[in-house]
Amino acid sequence: MLNATQLIHAIPVDPLTGAISVPIYQTSTFVQESPGVNKGYDYSRSNNPTRAALESLIAELEGGSTGLAFASGLAAIDTVVKLLKSGDEILAVDDIYGGAYRLFTAVYEQYGIKVNFVDTSDLEKVSAAITVRTKLIWLETPTNPTLKISDIAAIAKIAKANSCLLCVDNTFATPVLQQPLLLGADLVIHSATKYLGGHSDLIAGILVAKEETVGARLKFFQNACGAVLAPFDSWLVIRGIETLHLRMKHHSRTALKVAQYLATHPAVAHVNYPGLTTHPNHALAIQQGKTGGGIISFSLVNDTNEAAIAVTSNTQLFKLAESLGGIKSLISHPANMTHKSIPAEKRRAAGVNDSLIRLSIGLEEAEDLIEDLKKTFISSKIEN
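Heads up: these notes are all about the structure in this document. Everything numeric in this text was worked out from a predicted model, so none of it was measured.

1. Observations regarding the sheet that holds strand 11 (residues 330-332)
Inference 1: Pairing is mixed in the open sheet, where 5 strands are placed in the order 8-9-12-11-10. Edge positions in the open sheet fall to strand 8 (268-272) and strand 10 (319-320), since each of these has one partner strand only.
Inference 2: When strand 9 (residues 295-300) meets strand 12 (residues 357-360), the two strands line up antiparallel, connected through 4 bridges. Considered in strand 12, the bridge of isoleucine 295 is made with serine 360.
Inference 3: In the packing of helix 10 (residues 244-262) onto the sheet, contacts are made with strand 8, strand 9 and strand 12, and the angle to strand 9 comes to roughly 10 degrees.

The structure is reproduced here in structure tokens:
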């Protein structure tokens, strides 16, 4: 696990002025000494000192060669898919973020890139689903929103044996808890909107490549396609990373207490949280990800949209909103929010049933969050 000292001192001191906080280079262009001769920067789409500091920082934290920052998590995902060509296939986790599902199926399938969805927590299913055309394996672990855990190291071996790239969405765990590249993955994705930024005040995406040759190709796509992260937003992500280790510890400790409470409530049918010993992949989750993280999902005994809407609309401390990973706790109903773009039958087959509710645990005290849920279960009248 990365410790606080390593993380803090990976953030550079400005070499020009000695500023201990990374400066915001809010400029579109840079004066050149003569045509083509500059100080390493010519145009901020191609490179910017503030963004470069973030990209170097996240590459170091993930143990990769190349870090790239984008205007959104989906822009980062889109850049990875550009490594493929028509006729190639993606093997993707079935319990996938709705935006990634939409991008893979509604955008890239029209260009001849096929996507096969499989439960990647089952290694036999992963091996059986690979074809000669499979060029990319796409993991989320833990998954969004059912918190399935996939064995990164084992799937990395499968990918290598079949000449596939392995990309892991590490948004939920962050490099504080899990480093997929050190377990054999080729690429790591983050929605930096979430835990890396940590304050619900920006949209950003991060991509880290293990090998320099792959990183250079992705850097080319970043510059050619232009969905780069602005200097101020790059600074906000750096600022968020400064407290990432502290926040993840608190998120995880509180989430475990909330999950333990939910597991005992009569209105709750099932709790998904890797930190619970009842989770089917608990041992792997703790070995691979150190703690259970800050996200919980749970299903209701009354497995209906109506019951889930009643709960998600009645909390006080848990704010009903998209996204996750900020200092305030959030509640969402994936079937009507983050995963609405996935057909209902596919969503349910992947474990995202109608009453599934997702919690993003913030930095409040566990006792207050539990009390909020207690009152919500009473006021929503869904116990039976």
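So, next bit.
2. Comments concerning the packing of helix 10 against helix 14 (residues 366-380)
Inference 1: One can describe the packing of helix 10 onto helix 14 by two numbers: an axis separation of 9 Å at closest approach and a directional angle of 30 degrees. One way to sum up the angle between helix 10 and helix 14 is to call them roughly parallel. You can see that helix 10 and helix 14 cross each other, and the crossing is right-handed. Facing Thr254, Lys257, Val258, Tyr261 and Leu262 of helix 10, the residues of helix 14 in contact are Ala366, Glu367, Leu369, Ile370, Leu373, Lys374 and Phe377.

3. Here's the deal with the pairing of strand 2 (residues 89-93)
Inference 1: Among the 5 residues that make up strand 2, 5 are buried, leaving the element largely enclosed by the rest of the structure.
Inference 2: As judged from the 5 bridges shared by strand 2 and strand 3 (residues 114-118), these two strands associate in the parallel manner. Across the sheet, the residue bridging to leucine 91 is asparagine 116, located in strand 3.

4. A short note on a negative patch on the surface
Inference 1: Together, Glu365, Glu367, Asp368 and Glu371 give the surface a local cluster of negative charge.
Inference 2: In this fold, glutamate 367 is placed in helix 14.
Inference 3: The exposure class of glutamate 367 is exposed, given its relative accessible area of 51%.

5. A short note on the pattern of salt bridges
Inference 1: Taken as a whole and judged by the stated rule, the model has 7 salt bridges.
Inference 2: Across the pair arginine 51 and glutamate 55 runs a salt bridge, and its minimum N-O distance is 3.4 Å. Taken together, the positions of arginine 51 and glutamate 55, both in helix 2 (residues 49-62) and 4 residues apart, correspond to about one turn of that helix.
Inference 3: In this structure arginine 51 comes out as buried when scored by relative accessible area, which is 1%.

6. Focus on the environment of glycine 325
Inference 1: Residue position: glycine 325 is located in the loop between strand 10 and strand 11.
Inference 2: Taking relative accessible area as the criterion, glycine 325 reaches 0% and is therefore assigned buried.
Inference 3: Each C-alpha atom of the pair glycine 325 and alanine 192 lies 9.3 Å from the other, and the pair is 133 residues apart in sequence.
Inference 4: The contacts of glycine 325, once residues within four sequence positions are left out, are Lys194, Tyr195, Gly198, Arg247, His251 and Ser360.

7. Digging into the nonpolar core
Inside soluble globular proteins, nonpolar side chains tend to come together where they are buried.
Inference 1: Membership of the largest hydrophobic core comes to 51 residues, with the highest contact counts inside it found for Leu54, Ile137, Leu166, Leu196, Ile206, Val237 and Ile241.
Inference 2: Element by element, the count of residues in this core is highest for helix 2, at 6 residues.
Inference 3: When residues no more than four places from it in sequence are discounted, the contact partners of valine 237 are Leu54, Ala192, Leu196, Leu202, Ala204 and Leu229.
Inference 4: Core analysis: the second largest hydrophobic core is formed by 28 residues, Ala76, Ile90, Ala92 and Leu187 among them.

Thresholds, definitions, all that
- Residues numbered from 1 in each chain as written.
- Predicted model: local features only at pLDDT ≥ 70, side-chain atom pairs only at ≥ 80, totals over all residues.
- Heavy atoms only, no water.
- Pairing = 2+ DSSP bridges.
- Helix = DSSP H or I, 4+ residues; strand = E, 2+ residues; numbered from the N terminus.
- Contact = heavy atoms within 4.5 Å.
- Axes fitted to C-alpha atoms, helices over the stretch in contact; angles between N-to-C directions.
- Parallel < 35°, antiparallel > 145°, perpendicular 65-115°, else oblique.
- Left-handed = near helix turned anticlockwise from the far one by under 90°.
- Buried < 20%, exposed > 50% of the residue type's maximum accessible area, 1.4 Å probe, protein only.
- Patch = residues over 30% accessible without salt bridge, like charges linked within 9 Å, V, L, I, M, F, W, Y side chains within 5 Å.
- Areas by Shrake-Rupley, 256 points an atom, 1.4 Å probe, with all protein chains shown as cover.
- Salt bridge = Lys/Arg side-chain N within 4 Å of Asp/Glu carboxyl O.
- Lys, Arg positive; Asp, Glu negative; His and termini not counted.
- Charge placed at Lys NZ, Arg CZ, Asp CG, Glu CD.
- Core = buried A, V, L, I, M, F, W, Y, C linked by side-chain atoms within 4.5 Å.

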